[in-house]
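Topology and contacts: notes
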Amino acid sequence: MGHLKGELMSQIFNKANIGDLQLDNKIIMAPMCMYKSDNSGKVKDFHKYHYTARALGKIGLIIVEATAIESRGRISNNDLGLWNNEQIKGHKKLVELSHKFGSKIALQIAHAGRKSTVKETTPIAPSKIAFSKNEPFKTPKEISQKMIEKIKRKFLKTALRAKKAGYDAIELHAAHGYLLCEFLSPISNKRDDIYGGSLENRCAFVLETAQLLKKEVDLPLIVRISADEWMDNGWNINDSIYLSKELEKIGVDAIHVSAGGNQETVEQMPKLEPLYQCDYAKQIKEAVNIPVIAVGLITTPKECEEILDKKIADFIALGRELLREPNFMFNAAKQFKYDGYDNPSYLRAY
Ligand SMILES: Cc1cc2nc3c(=O)[nH]c(=O)nc-3n(C[C@H](O)[C@H](O)[C@H](O)COP(=O)(O)O)c2cc1C
């Protein structure tokens, strides 16, 4: 157990829980598709080295990239998948390697909906509205209620396979304009059945899926949402607060607050500056009593510290910064004079 030398204080090295899962620190690797698989959807050597490097870097929780629950639900033909039992083995290896070096590891389970660009299949969506009229996007077919039931079961089966592989937690991908997110938005969801129309109806697919996972899979569940789609009459932060409260009620363990991704062009483009999505996380944190994860253009230990200090969020997810700098935690330890991460082999580098 390390401690801080001198008067510098830092909270990022504190242990904290998501559900009953204890993380060694407050830094999370955001899920990032690497498009390094092939049509099999299986884990490749690249993924083993890539994720294990971040475990060597002492990241508290690694969230493995969007992993498809069915082959039609991939973003591309090179996505990871966990839609069959043959795919479990590779994920098991990812988990073993991360655990060996001390990081917890979660799997983001996903369906790309109308944003799927898989060559062989036609995408599905709440309504027959394409994400873009340009290639490689295709016009999706509207899914039936019977198919919604099937997709929920596929989320469940994938989560159960993830549990078999040894993952510590599941993240349900309901952000960035993929299938579940498409149902939330009144712009991409024009249904007139029980899954469309009112805010309650548009949230039903996400809530029913999360509820099924909480009931049947004994793992902490994080739900990732886009807090705002940046459109005049679109999904917004107030809707996200409603959804987050409902997710909390059914036992979801954390909300991961991203934004955007449901529209090819937006009417209210935010300024892309450091911490630009943090205010959404803050507003959601004020409304719920479960941990909130902030993400988006957060790149320095000081910014992470500020987010925790100002109670904007409980955890910080880093995306691109961890692609650049897998040893972010060692730099942070040096900056804050924390002596918990003194891997003797790396000591001379700091
Ligand atoms: C290469 C790349 C791939 C991504 N893939 C995913 C993904 O699989 N699932 C997801 O929810 N977000 C994905 N994202 C979004 C990131 O998780 C993160 O929210 C975003 O990059 C903003 O954080 P950052 O500024 O720290 O990079 C991806 C981003 C990048 C750069």
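The rules we used
Residues numbered from 1 in each chain as written. Predicted model: local features only at pLDDT ≥ 70, side-chain atom pairs only at ≥ 80, totals over all residues. Buried ≥ 20, exposed ≤ 12 C-beta atoms within 10 Å, placed from the backbone. Helix = DSSP H or I, 4+ residues; strand = E, 2+ residues; numbered from the N terminus. Arc of directions from axis to C-beta. Contact = placed C-beta atoms within 7 Å. Near = placed C-beta within 6 Å. Nonpolar A, V, L, I, M, F, W, Y, C, P; charged D, E, K, R; others polar. Core = buried A, V, L, I, M, F, W, Y, C linked by C-beta atoms within 7 Å. Axes fitted to C-alpha atoms, helices over the stretch in contact; angles between N-to-C directions. Left-handed = near helix turned anticlockwise from the far one by under 90°. Parallel < 35°, antiparallel > 145°, perpendicular 65-115°, else oblique. Expected span 1.5 Å × (residues − 1). Pairing = 2+ DSSP bridges.

**Looking at helix α8 (residues 301-309)**
Turning to α8, its buried residues number three or more, namely Pro 301, Cys 304, Glu 305 and Ile 307. Each buried residue of α8 lies within a common arc of 160° when the element is viewed along its axis, so the set occupies one face. Taken together, the buried residues of α8 touch β3 (27-29), α7 (278-287), β12 (292-295), β13 (315-318) and α10 (328-335). Note on α8: the residue one or two positions beyond its end, Lys 311, has a positive phi of about 55°.

**Quick look at the site of the ligand**
Taken together, the neighbourhood of the ligand is formed by 20 residues, with Ala 30, Met 32, Ala 66, Gly 319 and Arg 320 sitting nearest. Its residues assigned to classes, the shell around the ligand shows 10 nonpolar, 6 polar and 4 charged.

**Some words on the nonpolar core**
Formed by 98 residues in total, the largest nonpolar core has its most connected members in Ile 170, Val 257, Ala 294 and Ile 316. Discounting chain neighbours no more than four positions away, the residues touching Ile 316 are Lys 26, Ile 27, Ile 28, Ala 294, Ile 298, Cys 304 and Ile 307.

**A short note on the packing of helix α3 (residues 145-165) against helix α5 (residues 199-216)**
Look at α3 against α5: their axes get within 10 Å of each other, and the N-to-C directions meet at 35°. Handedness of the crossing formed by α3 with α5: right-handed. For the pair α3 and α5, contact is made by Ile 148, Lys 152, Phe 155, Leu 156 and Ala 159 and by Phe 205, Glu 208, Thr 209, Leu 212, Leu 213 and Glu 216, respectively. In the contact of α3 with α5, the residues fall into 7 nonpolar, 1 polar and 3 charged.

**Considering the packing of helix α1 (residues 45-56) against helix α2 (residues 88-100)**
One way to put it is that α1 packs onto α2 with a least axis distance of 9 Å and a crossing angle of 25°. In terms of their interaxial angle, α1 and α2 are classed as roughly parallel. When you trace α1 past α2, the crossing you get is right-handed. Each of His 47, Lys 48, Tyr 51, Thr 52 and Ala 55 in α1 lies in contact with α2, whose residues at this interface are Lys 93, Leu 94, Leu 97 and Ser 98. Grouping the amino acids of the contact of α1 with α2 by side-chain chemistry returns 4 nonpolar, 3 polar and 2 charged.

**A short note on α2**
The first and last C-alpha atoms of α2 sit 18 Å apart over 13 residues, in line with the 18 Å expected at 1.5 Å per residue. Of all the positions in α2, only Gly 90, His 91, Leu 94, Val 95 and Ser 98 are classed as buried. Each buried residue of α2 lies within a common arc of 140° when the element is viewed along its axis, so the set occupies one face. The exposed set on the far side of α2, more than 90 degrees from its buried face, consists of Lys 89 and Lys 100. Check the buried side of α2 and you find it contacts α1, β4 (61-68), β6 (104-110) and α3.

**Points about the environment of Ile 124**
In this structure, Ile 124 sits in strand β7 (residues 124-125). Judged by the 24 C-beta atoms lying within 10 Å of it, Ile 124 is buried. With 34 residues separating them along the chain, Ile 124 and Gly 90 place their C-alpha atoms 28 Å apart. Once residues lying within four places of it in the same chain are set aside, the contact partners of Ile 124 are Arg 72, Gly 113, Pro 140, Lys 141, Ile 143 and Met 147.

**A few points about the pairing of strand β9 (residues 169-174)**
In terms of burial, β9 is a largely internal element, 6 of the 6 residues being buried. The alternating pattern of β9 places Ala 169, Glu 171 and His 173 and Ile 170, Leu 172 and Ala 174 on opposite faces, both of which are buried. Relative to β9, β6 runs parallel, the two being bridged by 4 bridges. Along β9, the bridge assignment pairs Leu 107 with Ile 170.

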